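Listed below, chain by chain, are the residues.
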Amino acid sequence: MSAPLKQSEAISQPEPSDVAAASLSQEAIFAEALITSRQNILPKCLSAPGPSATQIDQLFRAAAAAPDHARLRPWRFVLVPEHKRSELAEVFAQALVDRDASATLAQIAAAREKAYRAPLLMLAVACLGPREPDIPMLQRMVSLGCAIQNILLSAHSMEFGSGLTSGQAMSSARMRELFQLQAGEEAVCFINVGTASTRKPAKLRPEPFEFVSSL
Ligand SMILES: Cc1cc2nc3c(=O)[nH]c(=O)nc-3n(C[C@H](O)[C@H](O)[C@H](O)COP(=O)(O)O)c2cc1C
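Only a predicted model underlies this, so the values are computations on that prediction, with no experimental measurement involved.

Criteria and cut-off values
- Residues numbered from 1 in each chain as written.
- Predicted model: local features only at pLDDT ≥ 70, side-chain atom pairs only at ≥ 80, totals over all residues.
- Helix = DSSP H or I, 4+ residues; strand = E, 2+ residues; numbered from the N terminus.
- Contact = placed C-beta atoms within 7 Å.
- Expected span 1.5 Å × (residues − 1).
- Buried ≥ 20, exposed ≤ 12 C-beta atoms within 10 Å, placed from the backbone.
- Near = placed C-beta within 6 Å.
- Core = buried A, V, L, I, M, F, W, Y, C linked by C-beta atoms within 7 Å.
- Axes fitted to C-alpha atoms, helices over the stretch in contact; angles between N-to-C directions.
- Parallel < 35°, antiparallel > 145°, perpendicular 65-115°, else oblique.
- Left-handed = near helix turned anticlockwise from the far one by under 90°.
- Nonpolar A, V, L, I, M, F, W, Y, C, P; charged D, E, K, R; others polar.

Within the protein chain one finds nine helices and five strands. If you list the helices and strands of the protein chain from N to C, you get α-α-α-β-α-β-α-α-β-α-β-α-β-α. Taking all contacts inside the protein chain whose residues are at least 6 apart in sequence as the whole, residues at least 24 apart take part in 83%.

If you check helix H7 (residues 137–157), its first and last C-alpha atoms are 30 Å apart, about what 21 residues at 1.5 Å a residue would give, namely 30 Å. Of the positions making up H7, those classed as buried are Arg-140, Ser-143, Leu-144, Ala-147, Ile-148, Ile-151, Leu-152, Ser-154, Ala-155 and His-156. Where H7 ends, the next residue or the one after it, Glu-159, has phi of about 75 degrees, a positive value.

Attention now goes to the site of the ligand. The local shell around the ligand consists of Gln-39, Asn-40, Leu-164, Thr-165, Ser-166, Gly-167, Val-188, Cys-189 and Lys-203. Of all the secondary structure elements, the ones that give two or more residues to the shell around the ligand are strand S4 (161–165) and strand S5 (185–196).

Okay, the nonpolar core next. Core analysis: the biggest nonpolar cluster contains 26 residues, and Ala-124, Ile-148, Ile-151, Ile-191 and Val-193 have the highest contact counts within it. Among the elements that take part in this core, strand S3 (residues 120–127) stands out by supplying seven residues, more than any other. Residues contacting Val-193, with those up to four places away along its chain left out, are Leu-46, Gly-50, Pro-51, Ala-118, Leu-120, Ala-155, Phe-160 and Ser-162. Membership of the second largest hydrophobic core comes to nine residues, among which are Val-91, Phe-92, Ala-93 and Leu-96.

So, on to the packing of helix H4 (residues 53–64) against H7. The interhelical angle for the contact between H4 and H7, taken along N-to-C directions, is 140 degrees, at an axis separation of 7 Å. With respect to each other, H4 and H7 are oriented oblique. Regarding H4 and H7, the two cross each other, and that crossing is right-handed. Together, Gln-58, Leu-59, Ala-62 and Ala-63 of H4 and Ala-147, Asn-150, Ile-151, Ser-154 and Ala-155 of H7 make up the contact between the two elements. Class assignment of the residues belonging to the contact of H4 with H7 gives a composition of six nonpolar, three polar and no charged.

Structural data, given as structure tokens:
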């Protein structure tokens, strides 16, 4: 396995010419570098060490800073500690067999293995049931997305790699049972955090003109 990446490698700085042109403060430069250099790291590329208890607390404080219409907190996160990974592995395996009775032993083993990859693993749960005020589901999902992004960026600022995973098992009854999801709650994705052993080249991002218009 390659050596963990250094901060300077993980959070690439913008070109000096861009910075000078924009006359940005140091804080703005750092924020931009942090945001634009985050990338999804596959869980198989995330190894120990993961975040400490203090750092995990910091990640959740970042989540708590997400925009949240009417302060519903329409989301929660469920940690999957080491001693519970085998239960999740069984859910992944059984959910695969449920939807494909002809799955091979190798496919079942691969499904099981997904539970053991990242040092820090948590499930992001959307809480979409009846609430007062009844903030629309889309707005609640935006809040969850922001909370997830805050966790990813906070982990990135601590020099950890992170990645999201989902798949068909998310909606399985077995997953609901393991995580004790209530009516109106949905398992959205897993958040994986750890030390990144490799990183891909920076992605080409869409240009603002591609997604911005004016009335
Ligand atoms: C809700 C959600 C679920 C995701 N599930 C998966 C997944 O199952 N497997 C995967 O490789 N990436 C998954 N991703 C990550 C995206 O593939 C990734 O964010 C995308 O490729 C863009 O890459 P970037 O995050 O580096 O910009 C998921 C992202 C979101 C928002």
